[in-house]
Amino acid sequence: MISFIAEQRIKIGTRYSRNLRRLNKLPAIIYGDNQKKSIPIFINNNDIKNIQFESNFYNNKISIKLENYIYIVKIHAVQKHAFKLQLIHIDFLICS
């Protein structure tokens, strides 16, 4: 199982997401499975940079540690840059 350490985003929006990408952070969101609110997070882009090319990255479950809680998630949607090999945003769906 692939695992990442994430931090919660306080500010959301396009402007703040662009600033995160400049700091080599990847904005993402966790939602689903009886969760009332989605959780905006960011992950270090270096952690995902090479793993995104593995076939099991998009199919297997992923463990995300956020503060003192571990979420088991699957990738629901990915936004990629038009011509760079770079991810722009990931949507994670909580597995039950």
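Preceding this section is the structure that the text describes.
Basis of the calculations
- Residues numbered from 1 in each chain as written.
- Predicted model: local features only at pLDDT ≥ 70, side-chain atom pairs only at ≥ 80, totals over all residues.
- Heavy atoms only, no water.
- Helix = DSSP H or I, 4+ residues; strand = E, 2+ residues; numbered from the N terminus.
- Rg over C-alpha atoms; globule rule 2.2 N^0.38 Å.
- Buried < 20%, exposed > 50% of the residue type's maximum accessible area, 1.4 Å probe, protein only.
- Areas by Shrake-Rupley, 256 points an atom, 1.4 Å probe, with all protein chains shown as cover.
- Lys, Arg positive; Asp, Glu negative; His and termini not counted.
- Charge placed at Lys NZ, Arg CZ, Asp CG, Glu CD.
- Phe/Tyr/Trp six-rings, centres within 6.5 Å; stacked < 30°, edge-to-face > 60°.
- Core = buried A, V, L, I, M, F, W, Y, C linked by side-chain atoms within 4.5 Å.
- Contact = heavy atoms within 4.5 Å.
- Patch = residues over 30% accessible without salt bridge, like charges linked within 9 Å, V, L, I, M, F, W, Y side chains within 5 Å.
- Salt bridge = Lys/Arg side-chain N within 4 Å of Asp/Glu carboxyl O.

(A) Structural view of the overall build of the chain. Looking only at helices and strands, the chain has 2 helices and 6 strands in total. Listing the helices and strands of the chain from first to last along the sequence gives β-α-β-β-α-β-β-β. Over its C-alpha atoms the chain spans a radius of gyration of 13 Å, differing by no more than 12% from the 12 Å that the globule rule assigns to 96 residues. Overall, the chain is about 35 × 30 × 20 Å in size when its C-alpha atoms are taken along their principal axes. Here the chain holds 96 residues, and the buried ones make up 36% of them. For the chain, the accessible surface area stands at approximately 6,500 Å², while carbon and sulfur atoms represent 49% of it. One finds the centroid of the 15 positive side-chain charges in the chain at a distance of 9 Å from the centroid of its 6 negative side-chain charges.

(B) Fine view of the packing of aromatic side chains. Tallied over the entire structure, the rule returns 3 aromatic pairs. Taking 6.5 Å as the distance between ring centres and 85 degrees as the angle between the ring planes, the aromatic pair formed by phenylalanine 4 and phenylalanine 57 counts as edge-to-face. Remark: phenylalanine 57 occurs in the loop between α2 (45-49) and β4 (62-66) and phenylalanine 4 occurs in strand β1 (residues 2-8); sequence separation between them is 53 residues. Accessibility classification places phenylalanine 4 together with phenylalanine 57 in one group, the buried group.

(C) Layout of the nonpolar core. Residues Ile30, Ile41, Ile62, Ile90 and Phe92 are the most contacted members of the largest nonpolar core, which totals 21 residues. Listed by contribution, the elements that provide at least two residues to this core are β1, β2 (25-31), β3 (39-44), β4, β5 (69-80) and β6 (87-94). Looking at this core element by element, the count peaks at 4 residues for β6. In this structure isoleucine 90 touches Leu26, Pro27, Ala28, Ile29, Ile48, Phe57, Ile75, Ala77 and Val78, once residues within four positions along its chain are discounted.

(D) Just a nonpolar patch on the surface, in detail. On the surface, Met1, Ile70 and Ile72 cluster together into a nonpolar patch covering about 310 Å² of accessible area. Considering the arrangement of structural elements, one finds methionine 1 in the segment before β1.

(E) How the structure looks around the side chain of serine 63. Mapping serine 63 onto the fold places it in strand β4. Classification of serine 63 as buried rests on a relative accessible area of 12%. Excluding its chain neighbours within four sequence positions, the residues that come into contact with serine 63 are Met1, Ile2, Ser3, Phe4, Ile70, Tyr71 and Ile72.

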